[in-house]
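Summary of structural features
Here's the letter readout for the chains.
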Amino acid sequence: MSDDLQNSVLLSTFYSRRKRYRLYFHRNQIVWDNEKPPYAQHTLPIENVIAVGYKYLDSGPAEDRCYDPHYFTIHYAEKKEINLWCYNSLTLRHSDTYQVSSWVKTLQNHLQSFCKRPKKLLLFVNPYGGKRKAMKVFEKYGKPLFNIAGVDVSVIVSQRQNQIRDILIHHNLDMFDSVACVGGDGTVSELFNGLVIRECKLQGINPDESKQSLPKPTLPIGIIPGGSTDTIVYSLHGTTDITTAVLHIILGDSLGLDLVSVHDEDRLLRLFASALSYGYLGDVAYNSESLRWMGPSRYDYCGFKKIMANRGYKGEIAILSDGLQVDQLKCYEKCEKCISKQFDNHNLNKSENEWKTVQGKFFMVSAANISCACKRSPSGIAPYCHIGDGYLHLIVIHHTSLFNNLRILSRYAKSTYTIDDLPFIEVYRAKEICFRAIDTTKSRWNCDGEVQHQSDIRARVHCQLLTVFSRGSSIPDESNKSCNFCKF
Ligand SMILES: Nc1ncnc2c1ncn2[C@@H]1O[C@H](COP(=O)(O)OP(=O)(O)OP(=O)(O)O)[C@@H](O)[C@H]1O
């Protein structure tokens, strides 16, 4: 932003309905207060403003409409409560049209300097995920806000599995400055898998080579929740609220999200952003696929059956890390750990990296790339995992009694409890892992909710490979933390 813009000052008195307001703009803040009691002052950072424009007298395409030069409207995003954003607007009137036009021009100039905000968005809608309401969700919550913000949205409704991925790999995307989807984790996964493979093709890189550094896609992505669990979007914004997700896209602030590549012996199987799980959650994903007609409750049904069966699977895990210990610092907005990794290129050949091997019979092995928080598990399976620090958290749950399995699930369901104090659980911080099944009966991998049938895999973190529209979740009020006495 230029110095002239930074230093611009505006001060006027306007009317909104019958009330008089003093309106002040300086140092990127719009402040308004009413002149008569009850006094109230509102402060709006310009970075939360979506659009500013004259008040139109009729509806229809903007270029054909008449506007009243005495009125202008500020459309903005406002935090309702922790992590939850809503849309709001303020329409103001002045008898002097010059006053109105100078406010409109100054504020619009500021907004134009936010060059990371999307202007031409390619949006994929998965009509099949979650409760199959993705298109309605877009029409009701997404479209009106994108219209206000002046984002030109091209919508593609997916017709089949992997169509989104294929379009992104094979089609020209030069006319777009960002990509988004309405769907669950499987849809998001199609989005970033497509973008990374596309970039590999453009740069002549072979993604099947497991030691290869993968190239960063040039387009940022936005995620509008429309699936069953929506773990990725929950872990990013701290909520699955749809308006919040749309506003994060419009405001254009972004984070670098780590992605993890999963290879078998000779090819890239896929990249994941939330978790890769073998054993219990692998079995649940596999069995619930054929029960999709049940909707999100298929996970409860299959989960219950699998927990009662209490199967264990033998295997060996090799873990590469430069420090296996997980420190108990959660990832919130403006996370210093993630910011410090923005320009740091992770070099896996650094000498301090060491391999450690764990063998045994496991109830579940999970590699989490983010906390994996969701409505059912508000802290997630890896509460201390960061969005963009270049590490995954490996959670090794040894085969144990049914009672202990229930303890794990009960702790996952609570917002304040973690599981790493339980004696049959090991948690490691890793850059890369290799898993080998040593049983004839094998489980499958659950990779961002999709079933992967190969059991022997190598998974490797690529630090901040993807740019996602998000500001991160806010630091919560910890005052109502539960006591240790109540732990099960
Ligand atoms: N038109 C379509 N018909 C069938 N499947 C589709 C279609 N479009 C996308 N898919 C596939 O649907 C699957 C499920 O979608 P998605 O993951 O978004 O929803 P979900 O499984 O209900 O949510 P979550 O993963 O958050 O639990 C994905 O594997 C995706 O590739």
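Up top is the structure.
These figures come from a predicted structure and were not determined experimentally.

**A word on the overall build of the protein**
Across its full length, the protein holds 11 helices and 22 strands. The C-alpha radius of gyration of the protein comes to 25 Å, within 12% of the 23 Å expected for a compact globule of 488 residues. When its C-alpha atoms are laid out on the principal axes, the protein stretches across 80 × 55 × 50 Å. Put simply, 74% of the contacts in the protein that link residues at least 6 apart link residues at least 24 apart. About 23000 Å² of surface is accessible on the protein, with carbon and sulfur atoms providing 49% of the total. Seen as two clouds, the 59 positive and the 51 negative side-chain charges of the protein have centres 5 Å apart.

**Examining the pattern of salt bridges**
Enumeration over the complete set of coordinates arrives at 13 salt bridges. Arginine 165 is the partner of aspartate 166 in a salt bridge, and the nearest nitrogen-oxygen pair spans 3.7 Å. Between lysine 211 and glutamate 432 there is a salt bridge; the shortest N-O distance is 3.9 Å. On the criterion of sequence distance, the pair formed by lysine 211 in the loop between helix H5 (185-203) and strand E11 (221-225) and glutamate 432 in strand E19 (residues 432-437) is long-range, its members being 221 residues apart. A network of salt bridges, in which partner residues are shared, links Arg160, Arg165 and Asp166.

**Things to note about the side chain of threonine 400**
Position of threonine 400 relative to the elements: it lies in the loop between strand E17 (392-398) and helix H11 (402-412). Assessed through its relative accessible area of 16%, threonine 400 is described here as buried. A distance of 2.7 Å separates a polar atom in the side chain of threonine 400 from a polar atom in the side chain of asparagine 404. Residues in contact with threonine 400, not counting those within four places in the same chain, are Asn310, Asn405 and Phe424.

**Comments concerning the environment of histidine 75**
Note on placement: histidine 75 falls in strand E6 (residues 67-81). What makes histidine 75 buried here is its relative accessible area of 17%. Those residues within four positions of histidine 75 in sequence are excluded, and the remaining contacts are Val49, Ile50, Ala51, Tyr87, Asn88, Ser89 and Ile148. Reaching out from histidine 75, the side chain makes a polar contact with the side chain of tyrosine 87 at a distance of 2.7 Å.

**Comments concerning the site of the ligand**
The environment of the ligand is made up of 23 residues, and the closest members are Gly130, Ser158, Thr187, Glu190 and Ser228. One of the backbone nitrogen or oxygen atoms of glycine 186 is found 2.8 Å away from an oxygen atom of the ligand. Between threonine 187 and the ligand, the recorded distance is 2.4 Å, taken from a side-chain N or O atom to an oxygen atom. A total of 640 Å² of accessible area belongs to the ligand in isolation, and the protein chains cover 92% of it. Where the shell around the ligand is concerned, the elements lending two or more residues are H5 and helix H9 (298-309). The biggest single contributor to the shell around the ligand is H5, with four residues.

**Concerning the nonpolar core**
In this structure, Phe124, Leu168, Leu259, Ile395 and Ile397 are the most contacted members of the largest nonpolar core, which totals 56 residues. Top element by residues in this core is H5. It accounts for six residues. Aside from chain neighbours lying at most four places away, what touches leucine 259 is Phe192, Val196, Leu271, Phe272, Ala273, Asn369, Arg460, Val461, His462, Leu465 and Leu466. Within the second largest apolar cluster, 26 residues are counted, among which are Tyr278, Ile319, Ile433 and Ile457.

**Concerning helix H7 (residues 242-251)**
Burial analysis of H7 places 10 of its 10 residues in the buried class, the great majority of the element. Taken residue by residue, H7 has Ile242, Thr243, Thr244, Ala245, Val246, Leu247, His248, Ile249, Ile250 and Leu251 as its buried positions. Backbone geometry just after H7 places glycine 252 at a positive phi near 80 degrees.

Each value, and the rule that gives it
Residues numbered from 1 in each chain as written. Predicted model: local features only at pLDDT ≥ 70, side-chain atom pairs only at ≥ 80, totals over all residues. Heavy atoms only, no water. Helix = DSSP H or I, 4+ residues; strand = E, 2+ residues; numbered from the N terminus. Rg over C-alpha atoms; globule rule 2.2 N^0.38 Å. Contact = heavy atoms within 4.5 Å. Areas by Shrake-Rupley, 256 points an atom, 1.4 Å probe, with all protein chains shown as cover. Lys, Arg positive; Asp, Glu negative; His and termini not counted. Charge placed at Lys NZ, Arg CZ, Asp CG, Glu CD. Salt bridge = Lys/Arg side-chain N within 4 Å of Asp/Glu carboxyl O. Buried < 20%, exposed > 50% of the residue type's maximum accessible area, 1.4 Å probe, protein only. Polar contact = N/O pair within 3.5 Å; in protein donor to acceptor, adjacent residues only side chain to side chain. Near = heavy atom within 4 Å. Core = buried A, V, L, I, M, F, W, Y, C linked by side-chain atoms within 4.5 Å.

So far we have only geometry, and geometry alone does not tell us how the molecule works.
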